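What follows is each chain in one-letter form.
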Amino acid sequence: MKPGVKVPFHTMLIDGASILGISSRRQIPAIGIVVIVAVALDRLRRKKIRARGFSWVIGFPSRQGLPHGAGMDRRTAGGRPGKTKQRPERPDRGEGTMFDTVIRAGSVVDGTGAAARTADIGIKDGAIAEIGRITGPARRTIDADGALVTPGWIDAHTHYDGQVTWDERLEGSAANGVTTVVMGNCGVGFAPVRPGEAEALIDLMEGVEDIPGTALHEGMPWGAWESFEDYLHYLDGRRWTMDVGAQIGHGALRFYVMGERATRDHAATAEDVARMAAIAEGAARAGAVGFSTSRIQGHRSLSGDPVPGTFAAEDELLAIARGLKAGGGGVLQAIGANTTGQLPGLPPEQAPLLDEVAMFARLSRATDQRVVFTTVQIASQPGVWRDVLDATAAENGRGAKLAPMIASRPVTFLASLLAYHPFMRRPTYLRLADLPRAEMLRELRKPEVKAAILAEDNVPTGRPGATENALPGFYAMLLPMMFKMGPGFDYEPTFDQSIGALAAAANRDPVDYFYDYLLEDEGRTVAVFLGSNFVDGNLDVCREMLMDPNSVTGLSDAGAHVRFICDMSMPTYGLTHWVRGRSRGARLPVELVVSKATSVPARLFGFADRGTLEVGKRADVNVIDLDNLRDHMPELHADLPAGGARFLQLSTGYLATLAHGEVTRLNDEDTGARPGRVVRPTR
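Residues numbered from 1 in each chain as written. Predicted model: local features only at pLDDT ≥ 70, side-chain atom pairs only at ≥ 80, totals over all residues. Heavy atoms only, no water.

**Comments concerning the overall build of the chain**
For step 1, the next point in the chain: In terms of regular secondary structure, the chain is built from 22 helices and 24 strands.
For step 2, the next point in the chain: Of all 683 residues assigned to the chain, the portion counted as buried reaches 59%. (Helix = DSSP H or I, 4+ residues; strand = E, 2+ residues; numbered from the N terminus. Buried < 20%, exposed > 50% of the residue type's maximum accessible area, 1.4 Å probe, protein only.)

**A word on the nonpolar core**
Buried together is how nonpolar side chains tend to be arranged in soluble globular proteins.
For step 1, the next point in the chain: Counting 106 residues, the largest nonpolar core has Val164, Phe228 and Leu575 as the members making the most contacts within it.
For step 2, the next point in the chain: Top element by residues in this core is helix α11 (residues 353–367). It accounts for six residues.
For step 3, the next point in the chain: Residues in contact with Phe228, not counting those within four places in the same chain, are Ala191, Pro192, Ala246, Gln247, Ile248, Ala283 and Ala288.
For step 4, the next point in the chain: Membership of the second largest hydrophobic core comes to 31 residues, among which are Phe413, Leu417, Phe423 and Leu444. (Core = buried A, V, L, I, M, F, W, Y, C linked by side-chain atoms within 4.5 Å. Contact = heavy atoms within 4.5 Å.)

**As for the confidence of the model for the chain**
For step 1, the next point in the chain: Within the chain, residue pLDDT values average 88, and 86% of them lie at 70 or more.
For step 2, the next point in the chain: Of the regions scoring below 50 in pLDDT, residues 1–94 engages in 160 contacts with residues more than four places distant in sequence or in other chains. (pLDDT = per-residue confidence, 0-100.)

**Concerning the sheet that holds strand β7 (residues 178–183)**
For step 1, the next point in the chain: In spatial order, the strands read β6-β7-β8-β9-β10-β11-β12-β16; together these eight strands make up an open sheet with parallel pairing. Looking at the sheet topology across the chains shown, the edges are occupied by β6 (153–155) and β16 (552–553).
For step 2, the next point in the chain: In this structure, strand β11 (residues 371–374) lies alongside strand β12 (residues 402–406), joined through four bridges in parallel fashion. Bridge pairing links Val371 to Leu402 in β12. (Pairing = 2+ DSSP bridges.)

**Description of the environment of Glu443**
For step 1, the next point in the chain: Looking at the secondary structure, you find Glu443 in helix α14 (residues 437–444).
For step 2, the next point in the chain: Accessibility expressed as a relative area gives 22% for Glu443, which makes it partly exposed.
For step 3, the next point in the chain: Along the backbone, Glu443 and Leu432 are eleven residues apart, and their C-alpha atoms lie at a distance of 7.7 Å.
For step 4, the next point in the chain: Excluding its chain neighbours within four sequence positions, the residues that come into contact with Glu443 are Leu432, Leu435 and Val449.
For step 5, the next point in the chain: Engagement of the side chain of Glu443 in a polar contact is seen with the side chain of Lys446, the distance being 2.8 Å. (Polar contact = N/O pair within 3.5 Å; in protein donor to acceptor, adjacent residues only side chain to side chain.)

**Observations concerning helix α6 (residues 228–236)**
A turn of α-helix holds 3.6 residues, and therefore any two residues three or four places apart point the same way.
For step 1, the next point in the chain: Turning to α6, its buried residues are Phe228, Tyr231, Leu232 and Leu235. Viewed end-on, α6 has its buried residues packed into an arc of 95°, placing them on one side of the element.
For step 2, the next point in the chain: On its buried face, α6 is in contact with β7, β8 (243–249) and α9 (270–286). (Arc of directions from axis to C-beta.)

This is the structure in structure tokens:
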């Protein structure tokens with residue numbers, strides 16, 4: 001019998017009879033049927049005999065071949081689960097507390113780092129009420145036999161600041177098992193903002209995070225808030241599939257206090273600094289989880305100006321950190337100067353990255369606040385990341401509270417005909433870009449059109465900070481090192497799979513070869529450059545970073561770079577690659593990977609009610625079919641306000657996701673439940 005598939009009741013009886021060793025060919029009287037069902041169920045529960053998909057409520061298959069330490073029962077057969085069916089009107093029979101939900105017989109990896117164990121989880125009133133062998137009744141049962149059960153993921157680096165005002169699903173994160181997000185990173189956000197001054201913050205967000213300004217203009221209810229407190233109050237009236245935490249961004253804060261001087265003047269006056277500190281204190285009191293700042297030259301507004309705060313003095317940052325502490329405390333999130341190296345065409349970075357780490361440590365010790373900062377491997381300084389981890393350990397040994405935020409895979413840069421690509425600013429292409437797709441493809445396939453496009457120079461837009469201006473040169477330099485993406489794409493490929501290698505094997509120029517690739521599959525093909533963390537052609541660097549005791553996973557950038565970067569599946573990738581699928585090196589224990597995405601960010605951001613599966617903690621839970629967990633190809637969806645398009649990378653294999661005890665996703669489908677609220681740190 002296939003799990004979750006509707007079958008006639010007599011078939012279930014035959015399966016029940018076979019469990020008892022009774023031939024299905026024998027005729028069984030009615031009273032015998034009752035006895036068989038009762039005894040079979042009793043044996044299923046007490047003796048842990050596993051019928052194939054036989055379950056009262058939600059049936060998942062058993063699993064075999066799990067990674068070492070996953071704690072699954074290897075005696076049972078594997079298989080892909082079918083669609084599940086809930087019957088909450090038929091509660092479990094038993095004694096004791098009536099639970100809202102019981103997750104039965106899953107391999108529980110609780111987020112603490114402890115070894116996986118088989119257990120039931122009882123949920124009541126949105127919290128975990130019991131863990132162990134549960135005999136009490138429940139309004140809903142999830143049979144997790146053969147499945148991995150973890151806390152919901154906490155994605156601490158997203159940019160949903162605008163999207164949360166119009167989108168309740170946050171599908172890119174929800175489809176990857178995320179139950180809590182933190183937004184307001186990189187120094188950008190939308191509060192505080194004076195009436196009539198939204199344009200400056202939109203200009204900043206579009207330039208830094210490549211979120212279409214048209215979507216932000218049309219989708220957001222400008223005028224509904226001014227202060228950061230007002231912003232949180234507005235969000236308190238919204239509902240989502242997951243909880244949302246917000247940081248106050250340095251860009252918005254500085255612009256609110258200093259106006260146009262925020263970008264022109266590097267130094268704030270003493271009065272400016274005092275006002276920023278007071279606003280930060282008020283934001284923390286209202287529930288901000290932290291303050292964010294960016295100090296790299298590459299983060300610029302659409303107008304081409306550096307993010308306000310890029311060159312802020314240490315005294316300014318210290319005053320703001322003290323304001324946060326006075327308001328109850330919060331995290332300082334930063335991208336230190338030189339994190340991404342010296343980018344071509346931009347002024348020099350203001351300081352070496354190790355000097356920035358030393359400054360972060362001083363801020364942390366002076367205020368007793370936690371500082372989290374982006375840490376990646378870059379080609380121009382391939383060994384600095386290790387120096388950063390060593391410096392972090394030394395500074396923490398002296399009383400600082402530093403946490404390098406790392407990525408579980410390379411940061412990806414995509415190219416597609418329907419999004420960004422090397423030819424998007426060529427004059428001939430621009431004349432065809434607005435045609436219906438079929439007509440545009442017909443034109444682009446003409447030899448004379450191709451020849452014209454390949455021979456032309458790029459035409460810049462009139463917006464200095466626009467992504468479209470930077471990318472053509474970027475693609476021209478990196479195109480030979482890009483890879484074709486397809487189903488099951490391995491983010492740790494070998495270079496003989498690159499566009500350059502494939503073109504050489506075909507005795508063709510890489511640019512000519514890539515042009516034709518973009519037109520395949522009716523223009524839906526996607527290529528990727530694996531940026532930071534892939535300098536050595538493998539992901540050993542990521543593994544070392546993940547194993548570092550001070551690091552926290554993040555950097556998905558969900559909600560940002562909507563047509564260029566798509567890393568929202570990073571939480572899923574931790575399992576699909578590092579626990580289950582890596583073939584080019586050592587893997588990682590499931591307990592470590594889970595803790596890095598759950599309890600570690602929960603402690604860092606002060607979310608004391610979540611991050612682990614323990615009695616009394618919030619019931620944010622994933623039930624995962626690890627054998628069949630997949631992070632799929634990025635796909636372009638034209639579903640933003642004003643018709644804007646964005647890449648989404650959805651995953652399958654999440655049998656159930658619960659947030660605050662409510663099932664928000666079942667068999668990779670949204671259930672319509674919206675338990676998500678604004679999350680505030682525990683003071």
